[in-house]
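Below, each chain spelled out in residue letters.
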Amino acid sequence: ATSSARNMALLDVYERVVQLLESLASSEPDSEGCRAVSERLTHGDIGKRVGCSREMISRLMKDLVSGGYVRVASGHRIVLLKNLPGKW
């Protein structure tokens, strides 16, 4: 609980999303260098976990997809294609 409160106070929304995705992604990349997030997450689910709106997550994810950092596969499976940028 303390770590969660500290993150809410000190990290911006993007940094909290990156931290969540990195923590849920597999530690070992596949043969193409991609790492899959183990859970199926909707934008609403991510928003609840990081303390922001679904709309904000949708904007962030759209930017990450268009930048080639993330792919959303069928069934809300998120795949990290490369390391996420430090700032948004």
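For the structure itself, consult the block above.
So, how was this worked out
Residues numbered from 1 in each chain as written. Predicted model: local features only at pLDDT ≥ 70, side-chain atom pairs only at ≥ 80, totals over all residues. Heavy atoms only, no water. Core = buried A, V, L, I, M, F, W, Y, C linked by side-chain atoms within 4.5 Å. Buried < 20%, exposed > 50% of the residue type's maximum accessible area, 1.4 Å probe, protein only. Helix = DSSP H or I, 4+ residues; strand = E, 2+ residues; numbered from the N terminus. Polar contact = N/O pair within 3.5 Å; in protein donor to acceptor, adjacent residues only side chain to side chain. Contact = heavy atoms within 4.5 Å. Salt bridge = Lys/Arg side-chain N within 4 Å of Asp/Glu carboxyl O. Arc of directions from axis to C-beta. Pairing = 2+ DSSP bridges.

Engineer: So what's going on with the nonpolar core? Residues and values would help.
Structural biologist: With 21 residues, the main nonpolar core has Val-17, Leu-21, Ile-78 and Leu-84 as its most contacted residues. When contributions to this core are tallied by element, the ones reaching two or more residues are helix H2 (13-24), helix H3 (43-50), helix H4 (54-66) and strand E3 (77-80). The leading source of residues in this core is H2, at seven residues.

Engineer: An account of the side chain of Arg-35 is requested, with residue identities and associated values reported.
Structural biologist: With respect to the helices and strands, the residue Arg-35 is situated in strand E1 (residues 35-36). Classification of Arg-35 as buried rests on a relative accessible area of 16%. Engagement of the side chain of Arg-35 in a polar contact is seen with the side chain of Glu-22, the distance being 2.3 Å. Here the side chain of Arg-35 touches Ser-26 through a polar contact of 3.2 Å, landing on its backbone oxygen. Once residues lying within four places of it in the same chain are set aside, the contact partners of Arg-35 are Glu-22, Ala-25, Ser-26, Ser-27, Glu-28, Pro-29, Ile-78, Val-79 and Leu-80.

Engineer: Run through the pattern of salt bridges, naming residues and quoting values.
Structural biologist: In the structure shown here, the tally under the stated rule is four salt bridges. With its nearest N and O atoms 2.5 Å apart, the salt bridge here joins Glu-39 to Arg-49. With Glu-39 in the loop between E1 and H3 and Arg-49 in helix H3, this pair connects stretches of sequence that are 10 residues apart. Glu-39 gets classed as partly exposed once you look at its relative accessible area, which sits at 29%.

Engineer: Describe in detail H3, supporting the description with residues and values.
Structural biologist: For H3, every residue scored as buried is listed here: Ile-46, Gly-47 and Val-50. Angularly, the buried residues of H3 cover 100 degrees about the axis, an arc narrow enough to put them on a single face.

Engineer: Summarise the pairing of E3; cite the residues concerned and give the values.
Structural biologist: Bridge count between E1 and E3: two bridges; the pairing is antiparallel. Counterpart to Ala-36 in the pairing with E3 is Val-79. As paired strands, strand E2 (residues 70-73) and E3 are joined by four bridges and run antiparallel to one another. Looking at the pairing, Arg-71 lines up with Val-79 of E3.

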